[in-house]
Number of protein chains: 2
Amino acid sequence: MDIRNEIRAQDIEQFYSRALECTSASRAAIQAALVSGFEVRRKPDKSFVTSVDLRVEEQLRALIQQHFPDHGIIGEEYPPTKPQAPFQWIMDPIDGTEDFVHRLPTFGTMLGLYYRGAPVVGVIDHPVLDLRVSAAFGLGTYKNTERIRLVDIEPAAMDGSERVMIPARANFIKHADEGRLFDAVTRAHPNHRIYRTCFTHACAAIGAADATIDYGNPVWDFAATRILIEEAGGKFVTVREMDVPKLGKVYGSVFGKPRLVEKLVALFNAPA
Amino acid sequence: MDIRNEIRAQDIEQFYSRALECTSASRAAIQAALVSGFEVRRKPDKSFVTSVDLRVEEQLRALIQQHFPDHGIIGEEYPPTKPQAPFQWIMDPIDGTEDFVHRLPTFGTMLGLYYRGAPVVGVIDHPVLDLRVSAAFGLGTYKNTERIRLVDIEPAAMDGSERVMIPARANFIKHADEGRLFDAVTRAHPNHRIYRTCFTHACAAIGAADATIDYGNPVWDFAATRILIEEAGGKFVTVREMDVPKLGKVYGSVFGKPRLVEKLVALFNAPA
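What counts, and at which threshold
- Residues numbered from 1 in each chain as written.
- Chains lettered and ligands numbered in written order.
- Predicted model: local features only at pLDDT ≥ 70, side-chain atom pairs only at ≥ 80, totals over all residues.
- Heavy atoms only, no water.
- Helix = DSSP H or I, 4+ residues; strand = E, 2+ residues; numbered from the N terminus.
- Rg over C-alpha atoms; globule rule 2.2 N^0.38 Å.
- Buried < 20%, exposed > 50% of the residue type's maximum accessible area, 1.4 Å probe, protein only.
- Contact = heavy atoms within 4.5 Å.
- Expected span 1.5 Å × (residues − 1).
- Arc of directions from axis to C-beta.
- 1 Å grid on protein atoms, 1.4 Å probe; cavity = no way out; pocket = protein on both sides within 12 Å on 5 of 7 lines; lining within 4 Å.
- Points joined across faces, edges and corners; volume = space filled by probe spheres on them.
- Polar contact = N/O pair within 3.5 Å; in protein donor to acceptor, adjacent residues only side chain to side chain.
- Nonpolar A, V, L, I, M, F, W, Y, C, P; charged D, E, K, R; others polar.
- Pairing = 2+ DSSP bridges.
- Axes fitted to C-alpha atoms, helices over the stretch in contact; angles between N-to-C directions.
- Least-squares fit on C-alpha atoms with pLDDT ≥ 70 in both.
- Parallel < 35°, antiparallel > 145°, perpendicular 65-115°, else oblique.
- Left-handed = near helix turned anticlockwise from the far one by under 90°.

1. Description of the overall build of chain A
- Along chain A, the regular secondary structure elements total 8 helices and 14 strands.
- A globule of 272 residues ought to have a C-alpha radius of gyration of about 19 Å, and chain A, at 18 Å, matches this closely.
- With respect to the three principal axes, the spread of C-alpha positions in chain A is 50 × 45 × 35 Å.
- Considering chain A as a whole, with its 272 residues, one finds that 62% of them fall into the buried category.
- At a minimum sequence separation of 6, the contacts of chain A that also span at least 24 residues come to 63%.

Structure, rendered in structure tokens:
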């Protein structure tokens, strides 16, 4: 029995509708900031943060608290709210801040709602690309307003031409030295792309990539992904879970068309 | 003495202006095709070609022949025209056809004019991104209408956080087995991105990347690049030139902020 069946259908629809309102608001704020300009600084780990990351997370938190005062919230820029609540919103206001700073259009906003750990609603919004990928439990995955149904990859098409989106080598070495995994993946799947943002998650959900790997990231970097993939008919597998001092848990996941996901998962499970 | 000083300034301005007209026309044709749909097939080498690649190259060839009947033309989809002419237009109507087919927005049109082998005019146009990067000899490089002047990277900033755009491993193995170079580059520069289109060239020209490597590609895949980089104050180095049966010459190049380009070139010149 799927725990999400405890939630009333009309509640799921309302959560979904509010999530879409949230990312419409964040999109407007981000587009305005791209015109007016914004402040950029480096965090102690040298990653970028801007005044827009902070403002958008504040905006999303306020909207969620207004509509769902009993729900918890986990985000990249502020401490968790109501960590014991059964419903938890997880967000990354700007995933790909370095790209946002350099005006590369592939950054995006991720927002997801979980019920006792199971994903209920997910949205990835790309303001510059006018691309919103969204899903809710039982309601399917949408690319803007178009319903997406992934068709599995044929075994014969996994001949090196399969399209795999992967993280940069940086992701495989920042928390543990797993550079050998990067090397193994790039050798086995030479037709890869590296965008370093949640655009790779959106691409897997809509079938523009056959599969995507993400690696070495905290929970908010996967906030929307699992439900987007599963509601489109794809497969999502967590291949790593590591505890990192000060940051907490980081994850590695593989997702997209089922046959290719299974093949990629095997690479991660192979002996070193 | 630079051979391009033989060309009258008013001619350079006219060539530049016509090149911009050409890419405005190709942009309109590509945008229309994205709405109306198009045919896709695979070439014998399994790469994609669409009815739009063919139509846009025909359109660009017709415009150039109309304005400059004495000039030669080299393009990806049709045989060369007037190969002995001193002025040669080089084009790739859609660079990143695989991405175009999957509606990834990073494909683009490349167009360049050469005089006795020296680049005079270059344009990279990204229809979906509304991004046009253009340059002409002596006139500077422009991101849409904004003049670009690259600032060199500081030696201390080459600490692993430098932003390098690179080709996929596929490019290093399709004509010769140089996978070791892919491994060397990704290890030395962990903060890399792989887009597999001329968007990486545009990013180097406007400073959104600190440097870009492209590798294993014919001349039309670099049609516009050298002049875009040099007029912005960057450095362009050809690190490989190989003869490939049936395809002809393919090249490897490194370009962008001078200090980082020098460092990358050293990787290519290191003993195997």
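2. Topic: unusual backbone geometry
Residues and elements named next belong to chain A.
- Located in the positive-phi region is Arg116, a residue other than glycine, with phi close to 45°.
- Turning to its location among the elements, Arg116 is positioned in the loop between β5 (108-115) and β6 (118-126).
- Judged by its relative accessible area of 53%, Arg116 falls in the exposed class.

3. Quick look at helix α8 (residues 258-269) of chain A
Residue and element names in this part refer to chain A.
- The end-to-end C-alpha distance of α8, which contains 12 residues, comes to 16 Å, matching closely the 16 Å that a straight helix rising 1.5 Å per residue would cover.
- Of the residues making up α8, those classed as buried are Pro258, Leu260, Val261, Leu264, Val265 and Phe268. Viewed along the axis of α8, the buried residues span an arc of 155°, placing them on a single side of the element.
- Contacts made by the buried residues of α8 are with β10 (164-165), α4 (169-173), α5 (179-188), β12 (211-217), β13 (235-244) and β14 (248-256).

4. Quick word on the layout of surface pockets
Residue and element names in this part refer to chain B.
- In this structure, the second largest pocket encloses a volume near 1300 Å³.
- Forming the walls of the second largest pocket are 44 residues, and the residues nearest its centre are Asp45, Ser47, Lys174, Arg196 and Asn217.
- Only β4 (87-95), α3 (97-101), α4 (169-173), α6 (199-206) and β12 (211-217) provide two or more residues apiece to the lining of the second largest pocket.
- Examining the composition of the lining of the second largest pocket, we find that 4 residues originate from one element, β12, more than from any other.

5. Let's talk about the environment of B:Glu230
Residue and element names in this part refer to chain B.
- Summarising the element assignment, Glu230 is placed in helix α7 (residues 225-231).
- On the basis of relative accessible area, Glu230 is assigned to the partly exposed category, the value being 32%.
- Residues Glu230 and Phe255, spaced 25 residues apart in sequence, show a C-alpha to C-alpha distance of 9.0 Å.

6. Quick notes on the side chain of A:His126
Residues and elements named next belong to chain A.
- Along the polypeptide, His126 turns up in strand β6.
- The exposure class assigned to His126 is buried, which follows from its relative accessible area of 0%.
- At 2.8 Å, the side chain of His126 and the backbone oxygen of Phe107 are in polar contact.
- Not counting residues up to four positions away in its chain, the partners in contact with His126 are Arg27, Thr106, Phe107, Gly108, Leu131, Cys198, Phe199 and Ala202.

7. So, empty space enclosed by the protein
All names here are of chain A.
- In the structure shown here, the tally under the stated rule is 1 cavity of 30 Å³ or more.
- Space inside the largest cavity adds up to approximately 30 Å³.
- If you go around the largest cavity, the residues you meet are Asn171, Phe172, Ile173, Lys174, His175, Ala176, Glu178, Tyr215, Gly216 and Met242.
- Those elements that provide at least two residues to the lining of the largest cavity are α4 and β12.
- It is α4 that contributes the most residues to the lining of the largest cavity, 3 residues altogether.
- Of the residues contributing to the lining of the largest cavity, the split by class is 5 nonpolar, 3 polar and 2 charged.

8. A few points about the sheet that holds strand β5 (residues 108-115) of chain B
Residue and element names in this part refer to chain B.
- In space, the 7 strands of this open sheet follow the order β3-β4-β5-β6-β7-β8-β9, with mixed pairing throughout. The open sheet terminates on both sides in strands that have one partner only, identified here as β3 (72-75) and β9 (146-148). Pairwise comparison of adjacent strand axes, ignoring direction, gives a mean angle of 20° for this sheet.
- Relative to β4, β3 is paired through 4 bridges, and the arrangement is parallel. Each bridged residue has a counterpart across the sheet, and for Gly72 the counterpart in β4 is Gln88.
- Each of β4, β5, β6 (118-126), β7 (131-136) and β8 (140-143) touches helix α1 (residues 9-36); the most contacted strand, β6, lies at about 25° to it.
- Relative to the sheet, helix α2 (residues 51-67) contacts β3, β4 and β5, its axis offset from that of β4 by approximately 155°.

9. Brief notes about the side chain of A:Arg240
All names here are of chain A.
- Mapped onto the elements, Arg240 comes out in strand β13.
- A distance of 3.3 Å separates the side chain of Arg240 from the side chain of Tyr215, its partner in a polar contact.
- Looking at Arg240, its side chain comes within polar contact range of the main-chain oxygen of Phe268, at 3.3 Å.

10. Describing the relation of the copies chain B and chain A
- Its rotation angle being 180°, the transformation that places chain B on chain A also includes 0.0 Å of axial translation and leaves an RMSD of 0.0 Å. Accordingly, the operation relating the two chain copies is best matched by a two-fold axis. When C-alpha positions in chain B are compared against the rotation axis, the closest is assigned to B:Ile194, at 2.3 Å.

11. So, the sheet that holds β12(A)
Residue and element names in this part refer to chain A.
- A sheet is described by the order of its strands in space; here 5 strands give the open sequence β11-β10-β12-β14-β13, paired in mixed fashion. Lying at the two open borders of the sheet, with one neighbouring strand each, are β11 (192-193) and β13.
- As defined by bridge partners, β12 adjoins β14 across 6 bridges and the pair is classed as antiparallel. Across the sheet, residue Thr212 finds its bridge partner in β14, namely Phe255.

12. Brief notes about the pairing of β8(B)
Residues and elements named next belong to chain B.
- One ladder, built from 4 bridges, connects β7 with β8; its direction is antiparallel. If you follow Val133 over to β8, its bridge partner there is Lys143.
- As consecutive antiparallel partners, β7 and β8 are separated by 3 residues, and within that stretch Gly138 has a phi angle of approximately 85°, a positive value.
- Note: β8 against β9, 3 bridges, orientation antiparallel.

13. Let's talk about the packing of helix α1 (residues 9-36) of chain A against helix α2 (residues 51-67) of chain A
Residue and element names in this part refer to chain A.
- Contact geometry of α1 with α2 gives a least axis separation of 10 Å together with a crossing angle of 155°. Our classification of the angle between α1 and α2 gives roughly antiparallel. α2 is crossed by α1, and the crossing has right-handed handedness. Counted together, Arg18, Glu21, Cys22, Ala25, Ser26, Ala29, Ile30 and Ala33 of α1 and Val52, Arg55, Val56, Gln59, Leu60, Leu63, Ile64 and His67 of α2 form the full contact between these two elements.

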